[in-house]
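This is what each chain is made of:
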Amino acid sequence: MSVKRLLCISGEGSAHARACHGELPGWDVCVVENIAAARKVLSQQHYGVGLLLDSSDGAGDAEIERFLRQHHHTRWIGVFDAPRLDHPALRELIAAHLVDFHTRPADALRLKHSLGHAHGMATLAKTTPPHRRQASERASHIDGASRAIVRLRAHIDKIAAIDAPVLISGESGSGKELAAQELHLRSQRASGPFIAINCAAVSPALIHSELFGHERGSFTGATRDKQGLLEAASGGSIFLDEIGDLPLDLQASLLRFLQERVIYRVGGTRTIAVDARVITATHVNLPQAVAEGRFREDLYYRLSVFPIRVPPLRERKEDLPLLTDLIFNKYAAERSPQLKGVSREALLAMARYEWPGNVRELINRVRRAMVLAEQRLIMPEDLDLPSAGPICPVKEGLGSSRLSAERTAIGESLARSGNNISQAARELGVSRMTLYRLMAKHAISP
Ligand SMILES: Nc1ncnc2c1ncn2[C@@H]1O[C@H](COP(=O)(O)OP(=O)(O)OP(=O)(O)O)[C@@H](O)[C@H]1O
């Protein structure tokens, strides 16, 4: 039998707490004096059930509300003086955040029933909150359990150990910068700086001096010597996002740096040795840019010895429930008070959507839905998803289109069934063995 653990917040100490809830055989009770102490305890261990013995001279209702909102994984029961219940703010707080409440003096037997019921419900809902589970199981910041993400993490692990340039490709919002950070953090350079610059966001007139620095007097306005970002990244990694937008003359300078490990500042004549690992990313097709003469072929080959592809979210829809859960927990403090989770219908609608903006779009939609939702669960309409995914022109041949339709159907069916293979196989009209074979073919993990 599991130990029933109770966190009791009592402004007047444990004697008062015992007077309120009586003896609780079978319960392991931790009594704290205030919200601050409760926060501390909850930051170290999870309690499925909490008892709030309200005293009107304690924390204000706004602070209690904030606290309960942040700790919504615990099921809270309150005990209040009857006159306090006339306050509209307190009534709202009770309705939104408590599973039950009692007036003083609380009837010990009724209170024990409430606590037992809350414990049962907390056990059903898995007493460990998802964000804690993830934190302990996860060594990587790249979340997901799909085969594609597991492979990406393994790939990053291997490449991180080699001190060579890396080219990361992937659609916008799919997690390229996150992959770059992960590479850095898992490399021997982890204790050095990680400096990121978006080559498309800096004007061509400035980017040379931004990257390589300049000497005093080298151009109007250059009143002092300035170190560039490459120098600043020495001992660590520099992440050049949208590398396809780097002007051609700078491509030559970058190539020289990759070959000789030295740079010249703008207007400078002396070489400066720089020890920075170059990680680049692009969402455009670089071989095509090379073919069109917009990107140097020699630089492309130097950068792409270790390519990493971050898969778009539509190729790993089986990760949607997990990612949504993590986003829900990360932004729990912003959610509307009555909101408890995401409905099955919303998860189904998400599985049908193609997510052109990838994980960034998922974060934005879930976060907005958490604020605007009016029911206890996020419903499909809260996500404001376009009814059908954007219509993409067919760029692939019929064979590839068939393959990607097959992969999408499998991914969606697994997401709908909560990764239940038998159910997904039934829905798809194939045997379990065939589904396993198709999943292996498309690198989809159960
Ligand atoms: N697998 C993942 N797990 C957790 N968070 C993720 C994952 N993938 C992406 N994100 C989050 O999604 C957001 C977008 O990711 P990121 O900025 O790395 O994308 P990007 O591909 O570099 O986008 P862009 O091309 O627009 O620069 C970030 O908040 C990032 O933390």
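Just so it is clear, the model here is predicted, and its values are computed rather than measured.

Quick look at the UniProt feature "domain: Sigma-54 factor interaction" (unreviewed entry) in the chain
- The feature "domain: Sigma-54 factor interaction" (unreviewed entry), as given by UniProt, occupies residues 142-371 in the numbering adopted here.
- For residues 142-371, the end-to-end C-alpha separation is 25 Å, with 42% helix and 13% strand making up the annotated structure.

Focus: helix 4 (residues 88-97)
- Every buried residue belonging to helix 4 is among Leu90, Leu93, Ile94, Ala96 and His97, and all of these are buried.
- Check the buried side of helix 4 and you find it contacts helix 3 (61-70), strand 4 (75-80) and strand 5 (98-103).

What to know about the pattern of salt bridges
- This structure, assessed with the given rule, holds 18 salt bridges.
- Taking the shortest distance from any N to any O, the salt bridge between Lys226 and Glu210 comes out at 3.3 Å. Of the two residues, Lys226 is situated in the loop between helix 9 (204-212) and helix 10 (229-232) and Glu210 in helix 9; the sequence distance between them amounts to 16 residues.
- When its relative accessible area of 27% is taken as the criterion, Glu210 is described as partly exposed.
- A single network of salt bridges, built from pairs that share partners, joins Glu215, Glu231, Arg265 and Arg270.

Some thoughts on the packing of helix 2 (residues 35-44) against helix 3
- Contact geometry of helix 2 with helix 3 gives a least axis separation of 11 Å together with a crossing angle of 10 degrees. Overall, the two elements helix 2 and helix 3 adopt an arrangement that is roughly parallel. Every residue of helix 3 that contacts helix 2 at Ile35, Ala38, Arg39 and Leu42 is listed here: Glu63, Ile64, Phe67 and Gln70.
- Among the residues forming the contact of helix 2 with helix 3, the class breakdown is 5 nonpolar, 1 polar and 2 charged.

Quick word on the packing of aromatic side chains
- According to the stated counting rule, one finds 4 aromatic pairs in the structure shown.
- Plain terms: the ring middles of Phe194 and Phe239 are 6.2 Å apart, the flat faces sit at 20 degrees to each other, and that makes the pair stacked. On the criterion of sequence distance, the pair formed by Phe194 in strand 7 (residues 194-198) and Phe239 in strand 8 (residues 237-241) is long-range, its members being 45 residues apart.
- Positioned above the aromatic ring of Tyr47, the side-chain terminus of Arg5 is 4.3 Å from the ring centre.

Some words on the sheet that holds strand 11 (residues 277-282)
- One open sheet accounts for 5 strands, arranged 7-8-11-6-12; its pairing is parallel. Looking at the sheet topology across the chains shown, the edges are occupied by strand 7 and strand 12 (306-309). Across the sheet, the mean angle from the axis of one strand to that of its neighbour is 20 degrees, orientation sign disregarded.
- Pairing of strand 8 with strand 11, which is carried by 4 bridges, proceeds in the parallel orientation. Bridging from a neighbouring strand, Phe239 pairs with Ile279 of strand 11.
- Of the strands in this sheet, strand 6 (166-169), strand 7, strand 8, strand 11 and strand 12 touch helix 8 (residues 176-185), which is tilted by about 150 degrees from strand 6.

Topic: the site of the ligand
- If you check the shell around the ligand, you find 15 residues, and the closest are Asp143, Ser172, Gly173, Lys176 and Glu177.
- One nitrogen or oxygen atom from the main chain of Ser174 is found 3.3 Å from an oxygen atom belonging to the ligand.
- Between Asp241 and the ligand, the recorded distance is 3.2 Å, taken from a side-chain N or O atom to an oxygen atom.
- Protein coverage of the free-state accessible area of the ligand, which is 630 Å², stands at 80%.
- The residue makeup of the shell around the ligand, split by class, is 4 nonpolar, 5 polar and 6 charged.
- No fewer than three residues from each of domain 2 (147-309) and domain 3 (313-387) sit in the shell around the ligand.

Quick notes on the rules
- Per chain, residues are indexed from 1 in the order of the written sequence.
- It should be noted that, the model being predicted, local features are given only for residues of pLDDT at least 70 and side-chain atom pairs only at 80 or more, the latter also being counted only at that level, while totals for whole chains, interfaces and linings use all residues.
- With hydrogens and water set aside, each side-chain value is computed from the structure's full complement of heavy atoms.
- UniProt positions are given in the numbering used here, feature names are shortened, and annotations may be inferred rather than shown by experiment.
- Numbering goes from the N terminus for both helices and strands, where a helix is a DSSP run of H or I of at least four residues and a strand is a run of E of at least two.
- The buried label applies to any residue whose accessible area, calculated with a 1.4 Å probe on protein chains only, is under 20% of its type's maximum; exposed applies above 50%, and partly exposed to all values in between.
- Whether two residues are in contact is decided by their heavy atoms, any of which lying within 4.5 Å being enough.
- Think of a salt bridge as a Lys or Arg side-chain nitrogen and an Asp or Glu carboxyl oxygen that are within 4 Å of each other.
- To obtain each axis, a line is fitted to C-alpha atoms, and for helices this fit is confined to the stretch in contact; angles are then taken between N-to-C directions over 0 to 180 degrees.
- Orientation is classified from the angle alone, with under 35 degrees giving roughly parallel, over 145 giving roughly antiparallel, 65 to 115 giving roughly perpendicular, and any other angle giving oblique.
- Classes in brief: Ala, Val, Leu, Ile, Met, Phe, Trp, Tyr, Cys and Pro nonpolar; Asp, Glu, Lys and Arg charged; the others, Gly included, polar.
- The criterion for an aromatic pair is that two Phe, Tyr or Trp rings (for Trp, the six-membered ring) have centres within 6.5 Å, with stacked assigned to planes under 30 degrees apart, edge-to-face to planes over 60 apart and tilted to the rest.
- Criterion for a charge above a ring: Lys NZ or Arg CZ within 6 Å of the ring centre, and within 35 degrees of the ring normal.
- The criterion for strand pairing is that DSSP finds at least two bridges linking the strands in question.
- Near residues are defined by distance, with any heavy atom within 4 Å of the molecule or strand qualifying the residue.
- Residues adjacent in sequence count toward polar contacts only when both atoms are side-chain atoms; beyond that, a polar contact is any pair of N or O atoms within 3.5 Å, and within protein one must be able to donate a hydrogen and the other to accept it.
- Using a 1.4 Å probe, accessible areas were evaluated by the Shrake-Rupley method; residue-level cover was limited to the displayed protein chains.
- Segmentation of the chain into domains, including their bounds, is taken from an automatic or database domain assignment.

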